[in-house]
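One letter stands for each residue in the lines below.
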Amino acid sequence: MNTDGTPDATGFRLLPGWFSRDAQAALADEVIALIGTAPLYRPCMPRTGRPLSVRMTNLGPLGWISDQTGYRYEDRHPVTGAPWPAMPQALLDLWAAISGWPDPPQACLVNFYGPDARLGLHVDADESAKTAPVVSVSLGDRARFRLGGPGRKDPTRSLVLSSGDVVVLGGTSRRFHHGVDRIYPGTSTLLPQNYTPGRINLTLRRVSDPDGRE
Ligand code: MD6
Ligand code: FE
């Protein structure tokens, strides 16, 4: 695992402090304003119907959702029924700068972690675009991110993600298990009071394959 911003042999890449403090503040302001129209909600796990501890919403043409029937992409907010708001330009610029993918991202999943929220080990596997990387931005409190391998039981490593850091899962790492063990409450002053302690993670994805199938 490299921490100098270059991809490792698996295509995993960490870009520490990619966004300056001012850029983080501008992006956080924009995302929080958009949450005003597309409110955070608590998705449920398929089958069990158990609510996740992370609250979510989406930006862009498509949004990732989870409910009793499964995981999928939808063009509308499941609670308000409205189309997802457009993605901030800064996220489109980030994707253009580092994804190496010719087309823009179609979905930005917004994850909000309160002090006790976690995200279990998972693979991002609901996209037909199997080779496009997934790019994520962390804002607010630090988090312990866990990265495994293609198998659920593969050994894992952990790294701390700080506000402004960017992670890229490209190449073979695109299908690696990963999750968030915990956040470290009170380690950032970026987010406004009603999001503190807390962490926002923005995950940019291509959803359709190059022939346009979803
Ligand atoms: C998070 N991130 O950092 C959760 N997935 O809160 C992800 O699940 C993720 O950071 C794919 C690629 C990058 C990520
Ligand atoms: Fe993920």
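Definitions and cut-offs
Residues numbered from 1 in each chain as written. Chains lettered and ligands numbered in written order. Predicted model: local features only at pLDDT ≥ 70, side-chain atom pairs only at ≥ 80, totals over all residues. Heavy atoms only, no water. Helix = DSSP H or I, 4+ residues; strand = E, 2+ residues; numbered from the N terminus. Near = heavy atom within 4 Å. Polar contact = N/O pair within 3.5 Å; in protein donor to acceptor, adjacent residues only side chain to side chain. Areas by Shrake-Rupley, 256 points an atom, 1.4 Å probe, with all protein chains shown as cover. 1 Å grid on protein atoms, 1.4 Å probe; cavity = no way out; pocket = protein on both sides within 12 Å on 5 of 7 lines; lining within 4 Å. Sits in = over half its atoms within 2 Å of the grid points. Buried < 20%, exposed > 50% of the residue type's maximum accessible area, 1.4 Å probe, protein only. Pairing = 2+ DSSP bridges. Axes fitted to C-alpha atoms, helices over the stretch in contact; angles between N-to-C directions. Contact = heavy atoms within 4.5 Å. Core = buried A, V, L, I, M, F, W, Y, C linked by side-chain atoms within 4.5 Å.

A. Inspection of unusual backbone geometry at higher detail. Across the junction of Thr 196 and Pro 197, the peptide omega takes the value -5°, indicating a cis bond. Residue placement: Pro 197 occurs in the loop between strand E11 (178-184) and strand E12 (199-205). Even without glycine at this site, Arg 47 takes up a positive phi of about 65°.

B. The site of ligand 1, seen in detail. In the vicinity of ligand 1, the contacting residues are Tyr 113, Leu 119, His 122, Asp 124, Val 134, Ser 136, Phe 145, Leu 169, His 178, Val 180, Arg 199 and Asn 201. Between an oxygen atom of ligand 1 and a side-chain N or O atom of Ser 136, the distance comes to 2.8 Å. Note that an oxygen atom of ligand 1 is positioned 3.2 Å from one of the side-chain N or O atoms of Asn 201. Burial of ligand 1 by the protein chains amounts to 99% of its free accessible area of 340 Å². Of all the cavities here, the one that holds ligand 1 is the largest pocket. Residue assignment for the shell around ligand 1 shows that the elements contributing at least two residues are strand E6 (119-122), strand E7 (134-140), E11 and E12.

C. Spatial organisation of the pairing of strand E3 (residues 63-67). Counting buried positions along E3 gives 4 out of 5 residues, so the element sits mostly inside the fold. Relative to strand E4 (residues 70-74), E3 runs antiparallel, the two being bridged by 5 bridges. Residue pairing in the sheet places Gly 63 in a bridge with Glu 74 of E4. Where E3 folds back onto E4 in an antiparallel hairpin, the turn is made up of 2 residues.

D. Region of the structure containing the sheet that holds strand E9 (residues 157-161). Taken in spatial order, the 4 strands make up an open sheet running E6-E11-E8-E9, and their pairing is antiparallel. Whereas interior strands pair on both sides, the edge strands pair on one side only; in this sheet they are E6 and E9. Neighbouring strand axes in the sheet, compared pairwise and without regard to direction, differ in orientation by 25° on average. The sheet contact formed by strand E8 (residues 142-147) and E9 spans 5 bridges and is antiparallel.

E. Local environment of the sheet that holds strand E5 (residues 107-113). Taken together, the 6 strands give an open sheet; going across it, the order is E1-E10-E7-E12-E5-E2, and neighbouring strands pair in antiparallel fashion. The sheet is open, and its two borders are formed by strand E1 (12-15) and strand E2 (55-59), each paired with just one other strand. With strand direction ignored, the average angle separating the axes of adjacent strands in the sheet is 20°. With 4 bridges joining them, E1 and strand E10 (residues 166-169) adopt antiparallel strand pairing. Note that in E10 the partner of Phe 12 across the bridge is Leu 169. With respect to the sheet, helix H1 (residues 21-37) is in contact with E2, E5, E7 and E12, its orientation differing from that of E7 by roughly 95°.

F. Local environment of the nonpolar core. Counting 29 residues, the largest nonpolar core has Val 110, Val 137, Val 166, Ile 200 and Leu 202 as its most contacted members. Elements with a minimum of two residues in this core: H1, helix H2 (89-98), E5, E7, E10 and E12. In terms of residue count, H1 provides more of this core than any other element does, 6 residues in total. Look past the residues within four positions of Val 110 in its chain and what remains in contact with it is Val 31, Ile 35, Leu 40, Arg 55, Met 56, Thr 57, Asn 58, Leu 59, Ile 200, Asn 201 and Leu 202.

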